[in-house]
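# Inside the fold
So the chains spell out like this:
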Amino acid sequence: LVESGDIVLANAWEEFDFTNRLALGGNEEEESYNYDEDESDDDGDEDSADSRQMSHLIDRPDEAPPHNLIDLTHLHEPSVVHALRHRYENTHTDMRNIYTDTGPILLAVNPFKHDESGALYGDDTLSRYRIEGERNWLKERGDKASNNGEVERTDDEEATLPPHVYAVADRTFRTMMTRLHPMNDVSDAVAKKSSQVGLEKTSGPKINQSVLVSGESGAGKTVTTKLLMAYLSKLSENSESESSETMSIEKRVLESNPIMESFGNARTIRNDNSSRFGKYIEMKFVSSNHTKGCVPSANLAGASIETYLLEKVRLVHQAPGERNFHIFYELFSLLDDESDEAQSSIDRMGLSYEMEDFHLINNSDTYDRRDGVLDTETFADLKQAMSVMGFDSSEQYSIFEIVCALLHASNLT
């Protein structure tokens, strides 16, 4: 790889370190990220050159890699991969190490663990990033919160919070708010916390913001997207005057995910919940008359989702070890539903067979998931989501009957 010229290394000892780490797996006890900036001297003493080659990429083994990779002395592929590996291997001490910044880009390494404690994505974590975002937003404009403002922080909290998907969502939201509320409106809000901010001034620069979530299969794109949507929805909540309509909009936006996953996700060789389609999600915000402490706010008015490139061939063929779309397996959860409506629907659908009896899902001989998620649980989430989205019970079972009709149609010859 090095000899092909695809990677440009800073000097000879970095090349030695990188190639030996590929072969030997590295030395876990010598990791740090302050590079020696002295260039190797081909005309110098041979022992000195060997000594430099045997030195590690790091000068101080007690120093962890930086939160932002642009702080590395040499920003190239070996140092980036090395830093990400070091942070990932220390997720047992701090789960936030799965996230690493590189300028405005956030790199995330999927830990394949559930945040059962809520330390990574809980309400307290969300609140800290919200407060940090509000504080930085006001600071950039030279405004200071009042002593009883929401964004006031103690000296112990002055350290910048580590990289996080919430930080990306917050930065996007604050940039939008900068365009929604000109600086004079912000000054008025700080001086008069209860005053209403001018809302009609949106004809200036474009306020649209975009977040691109990309990665290979199993990298965590689906979960990351849901976290971004959850954070943005939370920021739009108005604690002073919450209406059932506003809360319903926010909840509907979030509840769209289980529906898309059931009908568009499937188990593949690499990922048990792989999205087999692309999606473009647009969340629409409008300026709010209310302020949160010293900070103007915006309300979530709605959202639209465009899907494309659905893997239609999966309907009729799945590779060994893979499944069809989740909904075909979740449908069999109806057999455990003892309600009269469910039993009546089962009789109409003719769902008294086993999964193995349907050609649409039996050609790969794979019927379960490896990630510990049960189809009965996701089916319950699906029905809850459909209820929130406005599908009544009869409409839901009509959709399930259509899905079951596809199962029966696959057995026709």
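The structure reproduced in this document is the subject of the present report. (Residues numbered from 1 in each chain as written. Predicted model: local features only at pLDDT ≥ 70, side-chain atom pairs only at ≥ 80, totals over all residues. Heavy atoms only, no water.)

## A look at the packing of helix α4 (residues 123-140) against helix α5 (residues 165-180)
Our working definition: Fitting a line to C-alpha atoms yields each axis, with helices limited to the stretch in contact; the angle taken between N-to-C directions then spans 0 to 180 degrees. Put simply, DSSP marks the helices as runs of H or I at least four residues long and the strands as runs of E at least two long, and each gets a number from the N terminus on. Take the far helix as the reference: if the near one is turned anticlockwise from it by less than a right angle, the crossing is left-handed, and if turned clockwise, right-handed. Here a residue-residue contact requires only that any non-hydrogen atoms of the pair lie within 4.5 Å. Charged means Asp, Glu, Lys or Arg here, nonpolar means Ala, Val, Leu, Ile, Met, Phe, Trp, Tyr, Cys or Pro, and polar covers whatever is left, Gly included.
With their axes 10 Å apart at the nearest point, α4 and α5 run at an angle of 35 degrees to one another. Between α4 and α5 lies a crossing of right-handed hand. Seen from α4, the contacting residues are T125, L126, Y129, R130, G133, E134 and W137; seen from α5, they are Y166, A167, D170, R174, M177 and T178. In the contact of α4 with α5, the residues fall into six nonpolar, three polar and four charged.

## A word on the pairing of strand β2 (residues 105-108)
Defined as follows: Any two strands with at least two DSSP-identified bridges between them are counted as paired.
Pairing between strand β1 (residues 99-102) and β2: four bridges, direction antiparallel. Within the sheet, the bridge partner assigned to D101 lies in β2 and is L106. Between β1 and β2, which pair antiparallel one after the other, the connecting turn spans two residues, and G103 there sits at a positive phi close to 70 degrees.

## Observations concerning the side chain of S364
Quick note on the threshold: Whenever two N or O atoms come within 3.5 Å, that pair is a polar contact, provided that in protein one can donate a hydrogen and the other can accept it, and provided that, for residues adjacent in sequence, both atoms are side-chain atoms.
Mapped onto the elements, S364 comes out in the loop between α11 (359-362) and α12 (375-388). Polar contacts involving the side chain of S364 include one to the main-chain carbonyl oxygen of E322, which spans 2.6 Å.

## Quick look at the pattern of salt bridges
Note the threshold: We define a salt bridge as a side-chain nitrogen of Lys or Arg found within 4 Å of a carboxyl oxygen belonging to Asp or Glu. Relative accessible area decides the class of each residue, using a 1.4 Å probe on protein chains only: under 20% of the type maximum gives buried, over 50% gives exposed, and in between gives partly exposed.
Here the structure, examined in full by the defined rule, presents 15 salt bridges. Notably, a salt bridge pairs R130 with E134, separated by 3.0 Å at the nearest N-O pair. Of this pair, R130 and E134 both sit in helix α4, four residues apart, which is roughly one turn of that helix. A relative accessible area of 16% places R130 in the buried class. Taking the relative accessible area as the measure of exposure, E134 reaches 2% and is therefore buried. A salt bridge links D170 to R174; the nearest nitrogen and oxygen atoms lie 3.1 Å apart. With D170 and R174 both in helix α5 and four residues apart, the pair spans about one turn of that helix. Both residues of the pair, D170 and R174, belong to the buried class.

## Notes on unusual backbone geometry
Although it is not a glycine, L309 adopts a positive phi angle of roughly 55 degrees. Take L309: it is sitting in the loop between β6 (295-308) and α9 (327-330). Overall, L309 belongs to the exposed group, its relative accessible area being 71%. In this structure, D365 takes a positive phi of about 55 degrees despite not being glycine. Structurally, D365 is set in the loop between α11 and α12.

These figures come from the coordinates and say nothing about function on their own.
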